[in-house]
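Spelled out from the first residue to the last, the chains are:
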Amino acid sequence: MVLWLLAFVVAPALILLVYSFCERDEVGGVIFTFSLENFRRVLDPVYLRIFARSMGYAGLTTLICVVAGYPAAYFISRAEPRRRHQLLLLVMVPFWTSFLIRTYAWITILKQEGLLNGLLLSFNVVSEPLSLLYTPTAVIIGLVYAYLPFMILPIYGSAEKLDQSLIEAAHDLGAGPLRAFSSVIIPLTLPGIAAGTLLVFVPAIGMFAITDLMGGAKVPMIGNVIQNQFLQARDWPFGAALGVVFMLLFAVTYALLQRRGNRLTG
Amino acid sequence: MAHELRGEGTPPTIDRLGGMNVHPSPMIEIRGVTKRFGAFTAVDNVSLVIRTGEFLTLLGPSGCGKTTLLRLLAGFETPDEGSVLLDGQDVTHLPPYRRSVNQVFQSYALFPHLSVRANVGFGLRMQSVPAAEADGRIVEALTMVSLADQADKMPHQLSGGQRQRVALARAIVCRPKVLLLDEPLSALDAKLRYAMQLELKHLQRKLGLTFVFVTHDQEEALAMSDRIAVINAGRIEQVGGAMEIYHKPRTAFAADFIGQANLLNASIIARNGATARVRLPDGLELTISSTALPAGAMSALLSIRPEKVCISKQRLDTENLFEARIEEETFQGATDSLQLVTDQGTRLHALVANESAMQEAFHEGDRVWCGLHLDDLVIVQAE
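Reading guide: rules and limits
Every chain is numbered on its own, with residues counted from 1 as its sequence reads. Starting at A for chains and at 1 for ligands, labels are handed out in the order in which the entities are written. Totals for whole chains, interfaces and linings use every residue, but because this is a predicted model, local features are given only for residues with pLDDT of at least 70 and side-chain atom pairs only at 80 or more, for both listing and counting. The helix and strand labels rest on DSSP assignments: H or I over at least four residues marks a helix, E over at least two residues marks a strand, and numbering proceeds from the N terminus. Residue burial here comes from a neighbour count, namely the number of other C-beta atoms, placed from the backbone, that lie within 10 Å of the residue's own C-beta, with 20 or more meaning buried, 12 or fewer meaning exposed, and in between meaning partly exposed. Those domain boundaries reflect an automatic or database domain assignment. Note that contacts rest on C-beta atoms placed from the backbone: two residues are in contact if these are within 7 Å. Residues are grouped as follows: Ala, Val, Leu, Ile, Met, Phe, Trp, Tyr, Cys and Pro are nonpolar; Asp, Glu, Lys and Arg are charged; every other residue, Gly included, is polar. Here, a nonpolar core denotes buried Ala, Val, Leu, Ile, Met, Phe, Trp, Tyr and Cys residues that are linked to one another through C-beta atoms within 7 Å. For two strands to count as paired, DSSP must find a minimum of two bridges between them. For helices, the fitted line uses only the C-alpha atoms of the stretch in contact; every axis is such a line through C-alpha atoms, and the angle between N-to-C directions lies from 0 to 180 degrees.

Participant: Is there a simple way to explain the overall build of chain A in this structure?
Facilitator: When its secondary structure is counted, chain A shows twelve helices and two strands. If you list the helices and strands of chain A from N to C, you get α-β-β-α-α-α-α-α-α-α-α-α-α-α. Taken along its principal axes, the extent of the C-alpha atoms in chain A is 70 × 55 × 35 Å. For chain A, the residues scored as buried account for 33% of the 266 residues in total.

Next comes the structure, spelled out in structure tokens:
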């Protein structure tokens, strides 16, 4: 386990860290020096804006996932045990298909002459097709779709452990459905929400495939920029510097959430 | 026993209880309530009056419907038929948060994310009681259960007995009209349970609160209750005080479930004023009091408590004297448990107090005289 972590987590991270202080030569090779130039470039407003935008998209995705995923998870957790397993299976079924294929499926649904526009037109909801694909909306749809199960599963985990008699006790003590929800159900499922937030927010910041395919590469995210630096621009050191900053952001987010989670459950 | 009784068709009704009810306004009236879960009838046409300020116990084996009945009072279930009145008001379709009753849950159901103080204060917060008043009432309730010094602990830091008290404080702090208790002592060890029995009873007297207590433990029921409702297969078998239930069981189930009982099938062969002559299937003839025997009854089911069976090596001077052999003897400390077989083959269970050491000790194989007093032979069923 330790070896595995060393080989596949620590070593790549160290390589990335070393590269981030290096310089790029004319043909895209790496010159081993010590320079802070790359980090200075990261602080360029262009990249800061991209960082901010990535976090904004990831934040919105997380919010929508909580709002949509919580009722689903709670509903599943209160179902009959047999039905519960069937419903959980339905949540996980999409994982049986390749992520790329599912994303392309969304493209066919959202494109100009796609399924959704066809339906909307035939029911006269709209008079001309909506431009959905290659917009920020499409990116959000794609992100929410991709990460929703990662929100549902941890919330389900904590909702399932919630003792029904606690909810009954709340009602018994005069709490209506809303008060019982806000003062008993939410606090006791908060660990699930925190875990789900972590599982959705952090990877959503770095996601590049969806933004490329469904956003039409029009709204670059930090994931796209890093990918471009390595593959197209062949500026590995700068890509590495972006990656290091990105990892630091991950770590800080995680630490904050963890602290909050501990305070609430401890 | 239970299924034989089903067809009897004479469940105790409100009228019989109404006659005994001296209080002008009952706290709870259950009127013909039925609750089904799918094909299973958990509560079957139950009517019951619970008086203001009394300690009433719903007693029965697991699955008999006593907990469902309690949940109907709390509002967690809605009856399929019948109605529930609380202090004269029809609450049949009122949700639990609009009923002035509070429950102590079997699992205590303390909110794990809230301190003891916040748990006890939960109901007051829901009722928007001003903070200053709430604080006073929380301390008062915690003092009543001797936990005032634990107010800032979290539930997981408390022992089982302490959690139980917090659950109790949380329920009484709301000053409900009725306190519902769902087997609250079942998770405690024997000693603690006995102490809590006394404490609960004292608390109930002190507050003058109406308690509805659910248990499957007949000793607990006998020790604590003003009245006991014996429940079996969704129906009330008998309602009465502890003494009445024990000494005058009205059904075979009640006789058998509360304490131990010898149940004897007897056919009536003659009636003679206040007594009747009956014969057991094996031919043994007994004399019983016929005051509780309906006119024209041909057979009766008799119950006699094992400790009421008189045993002696000398010939006794009692009614219903016969000889028997001790088939099995078990020393139980305070008592000796004897399995007797009469010459005709009837089996009887007897309990004899071990008064002084070794005096008149009984042994397996001994022949003894048995006597059954007229008044100890209770008719639990007659046709």
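Participant: Help me out: how do you make sense of the domain arrangement of chain B in this one?
Facilitator: Many analyses report the size of an interface as the accessible area lost when the parts associate. All names here are of chain B. Domain parsing of chain B yields domain 1 (2–100 + 176–257) and domain 2 (262–382). Across the contact, seven residues belong to domain 1 and six residues belong to domain 2. Residues belonging to the side of domain 1 that touches domain 2 are distributed by class as follows: three nonpolar, one polar and three charged.

Participant: When you look at the nonpolar core in this model, what are you seeing that I'm missing?
Facilitator: Across soluble globular proteins, nonpolar side chains show a tendency to be buried alongside one another. Ranked by internal contacts, the top residues of the largest apolar core, which has 108 residues, are B:Leu73, B:Ala169, B:Val212, B:Ala229, B:Val230 and B:Leu302. In terms of domain composition, this core takes at least three residues from each of domain 1 (2–100 + 176–257) and domain 2 (262–382) of chain B.

Participant: Before we go on, may I ask you to explain the pairing of strand E1 (residues 28–37) of chain B in this structure?
Facilitator: The side chains of a regular strand alternate between both faces of the sheet. Residues and elements named next belong to chain B. Sheet topology note: the E1/strand E4 (residues 81–86) ladder contains five bridges and is antiparallel. Its bridge partner lying in E4, Arg 31 is registered against Ser 83. In the sheet, E1 pairs with strand E2 (residues 40–50) via seven bridges, with the strands oriented antiparallel. Bridged to Phe 37 within E2 is Phe 40. The turn linking E1 back onto E2 is made up of two residues, and Gly 38 within it adopts a positive phi angle of 65°.

Participant: How should I be thinking about the sheet that holds E2(B) in this particular structure?
Facilitator: Backbone-to-backbone hydrogen bonds pair the strands of a sheet. The strands run either parallel or antiparallel. Residue and element names in this part refer to chain B. A sheet is described by the order of its strands in space; here four strands give the open sequence E2-E1-E4-E5, paired in antiparallel fashion. If you trace the sheet from one side to the other, it starts and ends with E2 and strand E5 (89–90), each paired once. Strand contacts of helix H3 (residues 66–74): E1, E2 and E4, with the helix running at about 60° to E2, the strand carrying the most contacts.

Participant: Help me understand the interface of chain A and chain B in this model?
Facilitator: Every contact between the two is made by 15 residues of chain A and, on the other side, 17 residues of chain B. If you list the elements that add at least two residues to the side of chain A that touches chain B, you get helix H8 (164–172) and helix H9 (177–206) of chain A. Of the residues in the side of chain A that touches chain B, the class split is seven nonpolar, four polar and four charged.

Participant: It is not clear to me how unusual backbone geometry should be interpreted in this structure. Could you clarify?
Facilitator: Backbone phi values are negative for most residues with the exception of glycine, while trans is the configuration of most peptide bonds. Residue and element names in this part refer to chain B. In this model, Ser 146 sits at a positive phi of 50°, which is unusual for a non-glycine residue. Relative to the helices and strands, Ser 146 resides in the loop between helix H5 (131–144) and helix H6 (160–172). With 12 C-beta atoms packed within 10 Å, Ser 146 lands in the exposed category. At Asn 320, a residue that is not glycine, the phi angle is positive and equals roughly 50°. Relative to the helices and strands, Asn 320 resides in the loop between strand E15 (310–312) and strand E16 (321–331). A count of 20 C-beta atoms within 10 Å places Asn 320 in the buried class.

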